Amino acid sequence: MKILLHIEIQRAFKNKGTAIALGTGILIALAHLIHNIPPALEATKTMMNYFNSDKGLLYPRNVFTSWIGGEGYSVESFLFYLALPLIAAIPYSGSLLEDLSSGFAKNICIRVRKQDYLTAKYIAVFIVSGTVAVIPLFLNLLLSAMILPSILPQVADGTFITASKVLYHLYGTHPYLYIAIYLIIDFIAAGFLGTVGLVMSFYTSNKFIAVSVPFIGCLFLYSISNLYGLGGYSLTYCLQPSYGMDNWIISMIYLFIFLLFGFLYIRRGRKLVVF
């Protein structure tokens, strides 16, 4: 099982889909850095220890309200989190269909148990999807922190994180810890989104459809939730550290849905005919 898992993880990270998804995410993160951080730096230089009689005392811009996950108003930030399900699914979610069509799954299952192969596949998809989603965010945060000051964020500075949000006190006192927790949440969510595309391999023979289902599902949820004034329940928003979650019930609902897809994967995997 360990050898098989090692092989699957290597295959997951060493393919064109992973390079394309990771490159796309990094490109968006760098575009955000180029477009938003220099103006924030100039504003910080102007505002630092400066009183403007026309606009009042202005709080300096900082890394926590300016990096791609810390502000929710730029095109790049919205685009990244909107495309996150697709970025997570592109690397390896369609690999099961490729293995079945090429005969690779048949060759593997001759040597190992089918369930071990499917388990290794699921874990590999989860890991690569989460990694590809988080690396661009971490890169943007790191570069932003090299340019902007790490002063504590203030509600009066225009942040969306108010007292009604989960982890609000942590955001105001230990923002880097708050961001680290959110990066872990994003990793887990992206990992599960990748596995949703993997599960769809049992219901379609078209790789494009299987990979697109997580994105289409999240886009539909985003549209419906905003239509009824429940945008906070959309993954597009609740995965952004800049918006936060209204309560832990939201995360529990999504966890239940993802575990349900995991159950479907196990059930359909037992019925999968490889030979």
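Structure: above.
Quantities reported herein were computed from a predicted structural model and do not represent experimental measurements.

S.K.: Is there a simple way to think about the pattern of salt bridges in this case?
M.R.: Evaluation of the coordinates by the stated rule reveals six salt bridges. Linking K121 and D99 is a salt bridge whose minimum nitrogen-to-oxygen distance equals 2.6 Å. With K121 in helix α6 (residues 114-147) and D99 in helix α4 (residues 95-102), the pair connects residues that are 22 residues apart, well separated along the chain. Since its relative accessible area comes to 2%, D99 is described here as buried. R113 serves as the salt-bridge partner of D116, at 3.0 Å between the closest nitrogen and oxygen. A residue is classified by how much of its surface remains accessible, and R113, at 54% relative accessible area, is exposed. One salt-bridge network, in which partners are shared between bridges, spans E8, R11, D99 and K121.

S.K.: I'm lost on the nonpolar core in this one. Help?
M.R.: Counting residues in hydrophobic clusters, the biggest one holds 65 residues, and the most contacted among them are F80, Y117 and L235. The greatest single-element share of this core, amounting to 13 residues, is contributed by α6.

S.K.: How do you make sense of the packing of aromatic side chains when you look at a structure like this?
M.R.: Under the criterion given, the structure shown has 13 aromatic pairs. Each ring, one from F80 and one from Y81, has its centre 5.5 Å from the other, and the planes form 80 degrees; the classification is edge-to-face. We classify Y81 as buried; its relative accessible area is 2%. In textbook terms, an aromatic cluster arises when at least three aromatic residues are bridged by ring pairs, as seen for F126, F187, F192, Y254 and F258. Lying over the aromatic face of F104, R11 brings its terminal NZ or CZ to 4.1 Å of the ring centre.

S.K.: What am I meant to see in the environment of R270 here?
M.R.: Along the polypeptide, R270 turns up in helix α11 (residues 248-271). With a relative accessible area of 63%, R270 lands in the exposed category. When the C-alpha positions of R270 and G232 are compared, they lie 37 Å apart, and in sequence the two are 38 residues distant. If sequence neighbours within four positions are ignored, R270 has contacts with K114 and Q115.

S.K.: I would appreciate a short explanation of the side chain of S95 in the present structure.
M.R.: Structurally, the position occupied by S95 is in helix α4. In this structure the side chain of S95 is engaged in a polar contact, spanning 2.8 Å, whose partner is the backbone oxygen of Y92.

Calculation notes
Residues numbered from 1 in each chain as written. Predicted model: local features only at pLDDT ≥ 70, side-chain atom pairs only at ≥ 80, totals over all residues. Heavy atoms only, no water. Salt bridge = Lys/Arg side-chain N within 4 Å of Asp/Glu carboxyl O. Helix = DSSP H or I, 4+ residues; strand = E, 2+ residues; numbered from the N terminus. Buried < 20%, exposed > 50% of the residue type's maximum accessible area, 1.4 Å probe, protein only. Core = buried A, V, L, I, M, F, W, Y, C linked by side-chain atoms within 4.5 Å. Phe/Tyr/Trp six-rings, centres within 6.5 Å; stacked < 30°, edge-to-face > 60°. Lys NZ or Arg CZ within 6 Å of the ring centre and 35° of its normal. Contact = heavy atoms within 4.5 Å. Polar contact = N/O pair within 3.5 Å; in protein donor to acceptor, adjacent residues only side chain to side chain.

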